[in-house]
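Close look at the chain arrangement
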Amino acid sequence: MTPKPRARNPAIPGTTKDRTGAAGILRRAGADINRRFAGLLRDVLAIFDAIRIIETNDDRLEPRPVLYALTPDELAATSRALQEALDRWITAGRDPGNAFWWAAYDAEAAQLGTAQTAANLGNLSPAYAAARSLEQIVYSEAYRTRVGIAQVKSYEHWTGLSAELRAELSQIIGRAVVDGKNPRVVRAEIAERLDVSRSRALLYSQTDITDTLRQARMAEADHAREVFGLSIGLLWTSALIPTTRPWHASRNGKVYTSAQVKAFYAVNGNRYRCHCATTECLLDEDGKPILTDALKRSMAKELAVWERSAKAKR
């Protein structure tokens, strides 16, 4: 009779609030985005303030349109200045290594996810530990290709955001000139528009970093399955925080295949704003996850606590 495999729990990074373990990357990325949008706001307001005003209205008297002096040449110069500001802060900002500013966050997320999987599988499988190292992985062609794809996707996002912002800011300033709006009102509109875009950028950063990390983990797990013949499942660890969607939380402690995880994230906007993670676990001959009863109870308890809290807030 074949002995039952000894239960060996996977190493689950982070906490119920940070299942991916990427909180540090997210904080730095968020601070960078806030800094860039603050710089962009200063530059755009300076561009608007540079437009000459012939006559302004006085709020104490009957309001009259403000007369802006903007020749066709000055309008073209304003448009160029807006593009230069967007390039400086969003589109073409580069670090000393001449890399696009966001590329470093994708690279760090991919390496963190890969390191988590390599450490976890090394603990679960002596064969994997003996034959596979993090250094081997990060210098492999497949790994570099994955990171490159993630970075190209992100670059396209930021250039798209820049083009959208240029059109919106040009419209705000152009409409202000035609309608003779009070400069204070226009400055407020510019600030509001950039704040909306900043919020969207922060949401994107969270989605992109955690998604890049998850994709890196699944890619290495798939490699280990194919090359080393490991029978691997993906243990879902839900981010049990107030904003977690119920259908995300309900997956906590369940085990899925890579295909099932990818299918879940491909629909219903599930990948957006998701802090959940998956951790590799070994499967027995019957395809059942090899986990200790203590871990199963712990994850069931985590979910029950979250469900009670969520119900109390309804």
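Residues numbered from 1 in each chain as written. Predicted model: local features only at pLDDT ≥ 70, side-chain atom pairs only at ≥ 80, totals over all residues. Heavy atoms only, no water.

Considering all chains together, one arrives at 14 aromatic pairs under this definition. For the ring pair tryptophan 102 and tryptophan 158, a centre distance of 5.5 Å and an interplane angle of 55° mean the geometry is tilted. Taken as a pair, tryptophan 102 in the loop between helix 2 (72-91) and helix 3 (103-124) and tryptophan 158 in helix 6 (residues 141-179) lie far apart in primary sequence, 56 residues in all. For the pair tryptophan 102 and tryptophan 158, one class covers both residues: buried. (Phe/Tyr/Trp six-rings, centres within 6.5 Å; stacked < 30°, edge-to-face > 60°. Helix = DSSP H or I, 4+ residues; strand = E, 2+ residues; numbered from the N terminus. Buried < 20%, exposed > 50% of the residue type's maximum accessible area, 1.4 Å probe, protein only.)

Next up on the list: the nonpolar core. In this structure, Phe37, Leu40, Trp102, Trp158, Ile190 and Ile209 are the most contacted members of the largest nonpolar core, which totals 39 residues. Contributing elements (two or more residues each) for this core: helix 1 (23-49), helix 2, helix 3, helix 6 and helix 7 (183-228). Of all the elements, helix 1 adds the most residues to this core, at 10 residues. When near neighbours in sequence (up to four residues on either side) are disregarded, tryptophan 158 contacts Ile33, Ile90, Phe100, Trp101, Trp102, Ala201 and Tyr204. Listed in part, the 15 residues of the second largest apolar core include Ala118, Tyr128, Val147 and Ala216. (Core = buried A, V, L, I, M, F, W, Y, C linked by side-chain atoms within 4.5 Å. Contact = heavy atoms within 4.5 Å.)

It is worth spelling out the environment of cysteine 281 at this point. Among the structural elements, cysteine 281 can be located in strand 5 (residues 277-282). Classification of cysteine 281 as buried rests on a relative accessible area of 1%. In this structure, cysteine 281 is in contact with Pro10, Leu124, Ser231, Ile232, Gly233, Leu235, Val255, Pro289 and Leu291, ignoring residues within four places of it in sequence.

For the rest of this paragraph, the subject is helix 7. Across its 46 residues, helix 7 extends 66 Å between first and last C-alpha, which sits within 8% of the 68 Å expected from 1.5 Å per residue. Sitting at the head of helix 7, asparagine 182 places a side-chain oxygen 2.8 Å from the backbone nitrogen of arginine 184. Directly beyond the C-terminal end of helix 7, a positive phi value near 70° is found at glycine 229. (Expected span 1.5 Å × (residues − 1). Polar contact = N/O pair within 3.5 Å; in protein donor to acceptor, adjacent residues only side chain to side chain.)

What follows deals with the pattern of salt bridges. Scanning the model with the defined rule gives 18 salt bridges in all. The partner of glutamate 164 in a salt bridge is arginine 200, with the nearest N and O atoms 2.7 Å apart. Of this pair, glutamate 164 sits in helix 6 while arginine 200 sits in helix 7, and the two are 36 residues apart along the sequence. A salt bridge links aspartate 195 to arginine 198; its shortest N-O distance comes to 2.8 Å. Taken as a pair, aspartate 195 and arginine 198 lie in helix 7 at a separation of 3 residues, close to a single helical turn. Classification of aspartate 195 by relative accessible area gives partly exposed; the value is 37%. Bridged by salt links that share partners, the residues Asp32, Arg35 and Arg36 form one connected network. (Salt bridge = Lys/Arg side-chain N within 4 Å of Asp/Glu carboxyl O.)

The next thing to look at is the pairing of strand 5. As a general feature of sheets, a regular strand has side chains that alternate between the two faces. Burial runs high along strand 5: 6 of the 6 residues are buried. Relative to strand 5, strand 3 (residues 232-237) is paired through 6 bridges, and the arrangement is antiparallel. Bridge pairing links glycine 233 to cysteine 281 in strand 5. (Pairing = 2+ DSSP bridges.)

Taken as a whole and assessed by the stated rule, the structure comprises 0 disulfides. Free cysteine cysteine 274: the closest other cysteine sulfur is in cysteine 276, separated by 3.8 Å. (Disulfide = S-S within 2.5 Å.)

A separate point is the packing of helix 6 against helix 7. Interhelical geometry of helix 6 versus helix 7 gives an angle of 170° and a closest axis separation of 11 Å. In terms of orientation, helix 6 and helix 7 fall into the roughly antiparallel class. Among the residues forming the contact of helix 6 with helix 7, the class breakdown is 14 nonpolar, 4 polar and 10 charged. (Axes fitted to C-alpha atoms, helices over the stretch in contact; angles between N-to-C directions. Parallel < 35°, antiparallel > 145°, perpendicular 65-115°, else oblique. Nonpolar A, V, L, I, M, F, W, Y, C, P; charged D, E, K, R; others polar.)

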